[in-house]
Amino acid sequence: MEPAQSMTSRQAPGRRNALVLSKRASRLNRLAALLGHGLLLLLTLSSVLSVLFIFYFIIRDAIPFFQLRGFREFFAGTQWYPSANPASFGAFPIFLGSMLVTAGAVMVAVPFGVCASVCLSDILPFTLRQLVKPVIEILAAIPSVAFGFFALVVFAPRLQADGGGLLSVASWMIGAPVAGLTAFILSDLLTAGLSGTARWVGRGLLLVVLGALAFWGLWAAGSFFRSLDISSGTNALNVSIILGIMALPTVISVSEDALQAVGRELREGAYALGSTRAETLLRVVMPAASSGICAAVILGVMRAFGETMVVWMASGNAAHVPSPWYNLLQPVRTLTATIAGDMGEADHVTGSERYHVLFAMALVLLTVSFVFSWLSERVVSRAVRIRGGQ
Amino acid sequence: MQLASRKLIDRSFTGLSVFSIVLVAGALVIILTPIVGRGMGAVFFRGTVEHRQVQLDLFGHGRGEDIAAEVAAAEEARRQVYVLIAEFEQELADSIRARRQYAEAMEEVKAGLRELLGPFPGETPVLYRERYGQTRWDRAQIKLQRVLYAETYDYSDPTQMGQKVLTPRVEEFAGTSLEPLFTILPARLEEMLRPRPTFYWRFFTNTATADYSFGGIWPDILGTFYLTFWTILFAVPMGIISAIYLVEYAREGNRIVVLVRTCINTLAGVPSIVFGLFGLAFFINTLRVSEGRSVLAGSLTLALLILPLVIRSAEEAIRAVPHTYKEASLSLGAGQWRTIVRVILPAALPGVLTGVVISMGRAAGETAPIIFTAAVSVARPMGLWSGLSEPTHALPWSVYTLCTEHKTVDEIRHVQYGMVFTLVLMVLLLNSVAILLRARISRKLRG
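Quantities reported herein were computed from a predicted structural model and do not represent experimental measurements.

Here's the deal with the interface of chain A and chain B
How big an interface is tends to be reported as the loss of accessible area on association of its parts. Taken together, the 85 residues of chain A in the interface contact 81 residues of chain B. For the pair chain A and chain B, the summed buried area comes to about 7400 Å², and 80% of that belongs to carbon and sulfur atoms. For chain A, the biggest contributors to the area lost against chain B are Leu40, Thr44 and Phe149 of chain A; these three give 8% of the whole. Put simply, chain A and chain B have two salt bridges between them. Arg6 of chain B is the partner of Glu279 of chain A in a salt bridge, and the nearest nitrogen-oxygen pair spans 2.8 Å. One can count nine residue pairs in polar contact (both at pLDDT 80 or more) joining chain A with chain B. Considering each element in turn, the side of chain A that touches chain B owes the most residues, 18 residues, to helix 2 (residues 23–69) of chain A. Considering only residue class, the side of chain A that touches chain B consists of 61 nonpolar, 14 polar and ten charged.

Below is the structure:
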């Protein structure tokens, strides 16, 4: 009898109908809803607030450095001696180091990442895909310090001991199939004007010539790599490779999403017109997904650019311009590693130039990452608009 | 282009993509193999009598009588070595010529023996590290080589780096009374150290001596746990509320929503080291939540770092709840708030949990944000609540310091590997929980 009782007790004597609220209760309810809404909005705005705070606090501590030293030395100077007397804060080698390492990582992550995402979205059967996806998730989940540990303790000694050999094997492994394929296709394309036996003879001749040329090139490259002397395993190449591996999951998952978003109709249309799978993917699907793939590349760049632990542990931390400047086999120093490494000493002298210069670097990092994330958002939203317009 | 060429391109394209996938999987295997393989070595190894002695002396584990008996047997086996040393030293004391010839090498041998077997009878060094011999048989083998061979560097070729030259000490000491030492030592080392397969599960629960040469990694695990706990406590409610607002209350295209989304994306892209600097400048230097580094400052910083992750995953989970649930609830007369709390959130819970678990892994593994805000190498043991305003150990930070700043990096490789292994294991366990949860959800959605 409990429910009935509660029903009767709830029915106030003055009320005509229990389902209709009194004016006052209704107003209270609306007020409460409004308040709740406001509270939720406030809490949601906390992420906006934290972004503003991050910018404010980084800029606040970065400004004194620029006031004291100006911009020119920081961006163009090549002498980084923050603790010397007089100190010099030329951070150009550090900017260059960050860029070198990021460029190296992109060269590893983008080709393999995009190919892997194509494989995941269009080539592998469903069951295999279900197996591969966790692998990529695990790769994304491994903490950066574990990657750094691997780079420093396992990979660096290896690279130092027989890095030249590793490089030459890698160049053969990647170069030989590419060169063979290019020779085959070129010989086909160049003899397209001929016909009959002449074509076959010309093709065979061209194939032999081009093949020999490619082999010579590869052999030269291989022996060049083998002759390289790697004086230290903790260098930009090591870090680039590891950062590339770290950026792979980002690139793969974002560009796979983009490829999946391209509808079946486009693919089926291309197949119906007689294209092979490669032609469908390369000439129809990937151009249609290009903005998503761009976003994937941008996010991969951000991941590599902002990474701290790997570069701090395994890049060698030498703040000088490599010679020649693109030499990946020399130790470099990046913005993130400088902040992480120097704050320990600068912390005690809060307010000094040494302290503020690190905030200036953080400001650069923050600005770059902001621009990149804005770019990737723009690219993606444009893609959505285009797709919506179709 | 001929058909054959087109086919070839097609095949090689397929080959290239499959090769990329294999490469990605291969990279994972290559990275995880040494970490898991040698990380297990921190727990499974051949422990010597010194290991059991350390366990008894420093941590009170093991049975005293057994260990005493074992130590006595080991000392019996070692006595011959010390007798030989004493005799030879007597010889050196008697003859100036012998002293001039052998004194330096003798010191090296003695230093090697101290590292291998522990201090000579009667000595009690100050450092813990020097009070015991090698606790692991694999390290003992390396130390044995140091005793048996003299290491010199050959700089005769100026174009190359110095080449390591090993000369057996037997030849160096040939004809002296110490010569037998270099045959006895390798032959009877097993009796002297009594290695035995050991399953040292206490690696995870023991505290360590200050330089990590003995003991386990419990303080680091605990510190990581505290940091993660508080981080989740700060970030998850905030993240879920934001997600609810974004999905259920806000209208798409609203200016505020666009702003919030832009900010979430920006926040997700901010490099982790910048979070660390911000934590230092804001939580510690401005708000003064603690004096210097603390768990509180660290976990607040980490909470900001994982906030976008939590919001995005919660948003996705809430969006995935079928619209019919909401409509049914509203048609039964429930208000919007009641619908959210009683219908939508329970239905979205597994998805939200997946996101939370993944963010936990992220928070546990991040290093850069806690460098300036929470982590130190030497900290007091503490409780969950009382430690909030204290600096702490943390696994990722300890991995960094042990393999870059430690005095004897090579001696404690097994501890470093063990730590990385533990960290990776924690993160992978959390991620497998997430993967399982997700599999359950997708099963449920399929019916």
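Some remarks on the environment of Thr182 of chain A
All names here are of chain A. For Thr182, the location among the structural elements is in helix 6 (residues 144–190). Residue Thr182 is classed as partly exposed on the basis of its relative accessible area, which comes to 38%. Sequence-wise, Thr182 and Ala212 are 30 residues apart; in three dimensions their C-alpha atoms are separated by 12 Å. For Thr182, the side chain forms a polar contact with the main-chain oxygen of Val178, separated by 2.5 Å.

Structural notes on the domain arrangement of chain B
All names here are of chain B. For chain B, the assigned domains read domain 1 (47–198) and domain 2 (218–446). Taken together, the contacts link five residues of domain 1 with five residues of domain 2. Surface buried jointly by domain 1 and domain 2 totals about 410 Å² across both partners, of which 36% is contributed by carbon and sulfur atoms. The largest contributions to the domain 1 side of the interface with domain 2 come from Arg129, Arg136 and Arg139, which together make up 83% of the buried area. For the pair domain 1 and domain 2, the number of links is two salt bridges. The partner of Glu411 in a salt bridge is Lys143, and the shortest N-O contact between them spans 2.7 Å. Inspection of the domain 1/domain 2 interface yields one residue pair in polar contact (both at pLDDT 80 or more). Of the residues assigned to the side of domain 1 that touches domain 2, the class counts are no nonpolar, one polar and four charged.

Some points on the packing of aromatic side chains
Residues and elements named next belong to chain B. A full pass over the atoms with the stated rule returns 45 aromatic pairs over all chains. Ring geometry for Phe225 against Phe229: centres 6.1 Å apart, planes inclined by 35 degrees, an arrangement best described as tilted. With a gap of four residues between them, Phe225 and Phe229 both fall in helix 9 (residues 218–249), about one helical turn apart.

Regarding the nonpolar core
Soluble, globular proteins show a tendency: their nonpolar side chains are buried together. Counting 183 residues, the largest nonpolar core has Ile58, Phe74, Phe147, Leu243 and Met361 of chain A together with Ile273 and Val274 of chain B as the members making the most contacts within it. Apart from the residues within four sequence positions on either side, Ile58 of chain A is in contact with Phe359, Ala362, Leu363 and Leu366 of chain A together with Val274, Leu277 and Phe278 of chain B. With 30 residues, the next largest nonpolar core counts Phe88, Met106, Leu189 and Met192 of chain B among its residues.

What to know about the environment of Thr152 of chain B
All names here are of chain B. Tracing the sequence through the fold places Thr152 in strand 2 (residues 149–154). As a C-alpha pair, Thr152 and Thr209 span 57 residues in sequence and 33 Å in three-dimensional space. Discounting residues that sit within four places of it in the chain, Thr152 has contacts with Gln163, Lys164 and Val165.

Re the packing of helix 10 (residues 277–288) of chain A against helix 1 (residues 3–40) of chain B
Relative orientation of the contacting elements helix 10 of chain A and helix 1 of chain B amounts to 75 degrees, with a least axis distance of 7 Å. Considering the angle they form, helix 10 of chain A stands roughly perpendicular to helix 1 of chain B. Taken together, the residues of helix 1 of chain B that come into contact with helix 10 of chain A (itself represented by Arg277, Ala278, Glu279, Leu281 and Leu282 of chain A) are Arg6, Ile9, Asp10, Phe13 and Thr14 of chain B. Residue classes in the contact of helix 10 of chain A with helix 1 of chain B are distributed as five nonpolar, one polar and four charged.

Some remarks on the pattern of salt bridges
Per the stated rule, a full pass over the model turns up 32 salt bridges over all chains. Three or more residues joined by partner-sharing salt bridges are found here, namely Arg52, Glu70, Arg194 and Arg196 of chain B.

Things to note about helix 14 (residues 336–365) of chain B
For the α-helix, the turn length of 3.6 residues means that residues three or four positions removed from each other point alike. In a regular helix each residue adds 1.5 Å, so 30 residues correspond to 44 Å; helix 14 of chain B covers only 38 Å between its end C-alpha atoms and thus falls short of that length. The largest bend along helix 14 of chain B measures about 55 degrees and falls at Leu349 of chain B, with the proline Pro350 of chain B one to four residues further on.

Topic: unusual backbone geometry
Residue and element names in this part refer to chain A. Residue Ser323 is joined to Pro324 through a cis peptide bond whose omega torsion reads -15 degrees. Topologically, Pro324 is positioned in the loop between helix 12 (309–314) and helix 13 (335–346). With a phi angle near 55 degrees, Asn317 is a residue other than glycine that sits in the positive phi range. Among the secondary structure elements, Asn317 is positioned in the loop between helix 12 and helix 13.

Thresholds applied
- Residues numbered from 1 in each chain as written.
- Chains lettered and ligands numbered in written order.
- Predicted model: local features only at pLDDT ≥ 70, side-chain atom pairs only at ≥ 80, totals over all residues.
- Heavy atoms only, no water.
- Contact = heavy atoms within 4.5 Å.
- Buried area = accessible area lost by both parts, 1.4 Å probe.
- Salt bridge = Lys/Arg side-chain N within 4 Å of Asp/Glu carboxyl O.
- Polar contact = N/O pair within 3.5 Å; in protein donor to acceptor, adjacent residues only side chain to side chain.
- Helix = DSSP H or I, 4+ residues; strand = E, 2+ residues; numbered from the N terminus.
- Nonpolar A, V, L, I, M, F, W, Y, C, P; charged D, E, K, R; others polar.
- Buried < 20%, exposed > 50% of the residue type's maximum accessible area, 1.4 Å probe, protein only.
- Domains from an automatic or database assignment.
- Phe/Tyr/Trp six-rings, centres within 6.5 Å; stacked < 30°, edge-to-face > 60°.
- Core = buried A, V, L, I, M, F, W, Y, C linked by side-chain atoms within 4.5 Å.
- Axes fitted to C-alpha atoms, helices over the stretch in contact; angles between N-to-C directions.
- Parallel < 35°, antiparallel > 145°, perpendicular 65-115°, else oblique.
- Expected span 1.5 Å × (residues − 1).
- Bend = angle between axes of the 7 residues up to and from the residue.

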